[in-house]
Protein chains: 2
Amino acid sequence: MLSKKTKYGLKALTFLAKIKDREPIQIAEIAKHENISQKFLESILLTLRRNGLLGSKKGKGGGYYLIKEPEDILMTTVMRVLEGPIAMVPCVSLNFYEKCDDCPDEEACSVHKLMLQIRDNALDVYKNNTLADLL
Amino acid sequence: MLSKKTKYGLKALTFLAKIKDREPIQIAEIAKHENISQKFLESILLTLRRNGLLGSKKGKGGGYYLIKEPEDILMTTVMRVLEGPIAMVPCVSLNFYEKCDDCPDEEACSVHKLMLQIRDNALDVYKNNTLADLL
DNA sequence: TGAATACCCTATTAAATCGATGGGATAATT
DNA sequence: AATTATCCCATCGATTTAATAGGGTATTCA
């Protein structure tokens, strides 16, 4: 299942992508427009900013804004930041690889074989979609 | 993330697929060979049996065995039985469809658009793999 | 026929994760 | 200085997951 964190994060990003001149938008406005708990959205936007996807401005007239053009924001990046590993099993993960402690031979493992294909296909989709493609 | 239930279930199925003459294999033997908690595996094999993927025989010399040929067991079936919906969001699920209560327009939703592609690609993989392909 | 074997079922638990919330500190405008 | 809005910490309830325990029931074989 896709977490609400990722879902909300994607919605917020697409909302911000539609704003002209990259004018800062307040959390409250995004939350209201997308039906998201404001406090929860707050923490999501924060992690997006910490990972270089958003910029922020404090004080009056402040808010969040896109830091890059939607065409330059890959879904692989967004998904890894919000949802974590793209692979369903650590032993087929490119960025978060981890060996299974119960599995003696990775090459012979049927789960490994299947999940490798799933990862490759998911990766293809995320690589071929930028934020601009979702508008 | 792939649940251990699914992971163990897949391993058990591939183990049973290698048994000649579909001779019944005891839970304890599968658990030991695949490093799985026996009691946990017990419940997994039970659901596989209830969903027509395995047969069982009680009493001495009993155990579990494949009920169909590995070539005839699609991964779509296995995944739906063990892991549940293939889609990451209910609003793009074929077998478990559900409307998002926070999303006014499904067609305009960016999450929907992206997750639809992910589902299609995953489905393609699962459709093109039988249990025999994992051996 | 009876005892051993092995499936079948329910309930419980510990740990982890998720979604959400509250309170207050910090920074930037006016 | 006062207002405004981001920033950050800490917690909380609900749910799910993985595993365990214990006993019931059906089947087989001697």
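Bear in mind that the values here come from a model prediction, so they are computed numbers and not experimental data.

Undergrad: Tell me about the interface of chain A and chain B, and name the residues and values.
TA: In this assembly, 34 residues from chain A lie in contact with 34 residues from chain B. Summed over both partners, the interface of chain A with chain B comes to about 3000 Å²; 64% of that surface belongs to carbon and sulfur atoms. Broken down residue by residue, the surface that chain A buries against chain B is led by M88(A), D102(A) and L114(A), which jointly contribute 19%. Counting the contacts that link chain A with chain B gives 4 salt bridges.

Undergrad: Give a detailed account of the packing of aromatic side chains, specifying residues and quantitative values.
TA: All names here are of chain A. Under the counting rule described, the total for this entry stands at 2 aromatic pairs over all chains. Summarising the aromatic geometry, the rings of Y8 and F40 are spaced 5.8 Å apart at their centres and angled 80 degrees between planes, so their arrangement reads as edge-to-face. With Y8 in helix α1 (residues 4-17) and F40 in helix α3 (residues 38-50), the pair connects residues that are 32 residues apart, well separated along the chain. Among the residues examined, Y8 registers a relative accessible area of 10% and is labelled buried.

Undergrad: Help me get a handle on the protein's contact with DNA strand D, residues and values and all.
TA: For DNA strand D, the set of nearby residues contains 25 residues, the closest of which are I27(A), E42(A), S56(A), Y64(A) and K39(B). A share of 73% of the atoms of DNA strand D within 4 Å of the protein falls on sugar and phosphate groups. In this structure, Q26(A) approaches DNA strand D through a side-chain N or O atom, which is 2.8 Å from a phosphate oxygen. Residue assignment for the surface near DNA strand D shows that the elements contributing at least two residues are α3, β1 (54-57) and β2 (63-66) of chain A together with α1 (4-17) and α3 (38-50) of chain B. It is α3(A) that contributes the most residues to the surface near DNA strand D, 5 residues altogether. In the surface near DNA strand D, the residues fall into 5 nonpolar, 7 polar and 13 charged.

Undergrad: I'd like to hear about the domain arrangement of chain A, residue by residue, with values.
TA: Residue and element names in this part refer to chain A. Its domain assignment divides chain A into domain 1 (4-66) and domain 2 (73-134). Taking the mean C-alpha position of each, domain 1 and domain 2 sit 27 Å from one another. Of the roughly 950 Å² buried where domain 1 meets domain 2, counting both sides, 83% is carbon and sulfur surface. Of all residues in domain 1, T6, L10 and L53 give up the largest surface area on contact with domain 2, accounting jointly for 47% of the area buried on that side. One can count 1 residue pair in polar contact (both at pLDDT 80 or more) joining domain 1 with domain 2. Residue assignment for the side of domain 1 that touches domain 2 shows that the elements contributing at least two residues are α1 and α3. Of all the elements, α1 adds the most residues to the side of domain 1 that touches domain 2, at 7 residues. Split into classes, the residues belonging to the side of domain 1 that touches domain 2 amount to 7 nonpolar, 5 polar and 1 charged.

The rules we used
Residues numbered from 1 in each chain as written. Chains lettered and ligands numbered in written order. Predicted model: local features only at pLDDT ≥ 70, side-chain atom pairs only at ≥ 80, totals over all residues. Heavy atoms only, no water. Contact = heavy atoms within 4.5 Å. Buried area = accessible area lost by both parts, 1.4 Å probe. Salt bridge = Lys/Arg side-chain N within 4 Å of Asp/Glu carboxyl O. Phe/Tyr/Trp six-rings, centres within 6.5 Å; stacked < 30°, edge-to-face > 60°. Helix = DSSP H or I, 4+ residues; strand = E, 2+ residues; numbered from the N terminus. Buried < 20%, exposed > 50% of the residue type's maximum accessible area, 1.4 Å probe, protein only. Near = heavy atom within 4 Å. Polar contact = N/O pair within 3.5 Å; in protein donor to acceptor, adjacent residues only side chain to side chain. Nonpolar A, V, L, I, M, F, W, Y, C, P; charged D, E, K, R; others polar. Domains from an automatic or database assignment.

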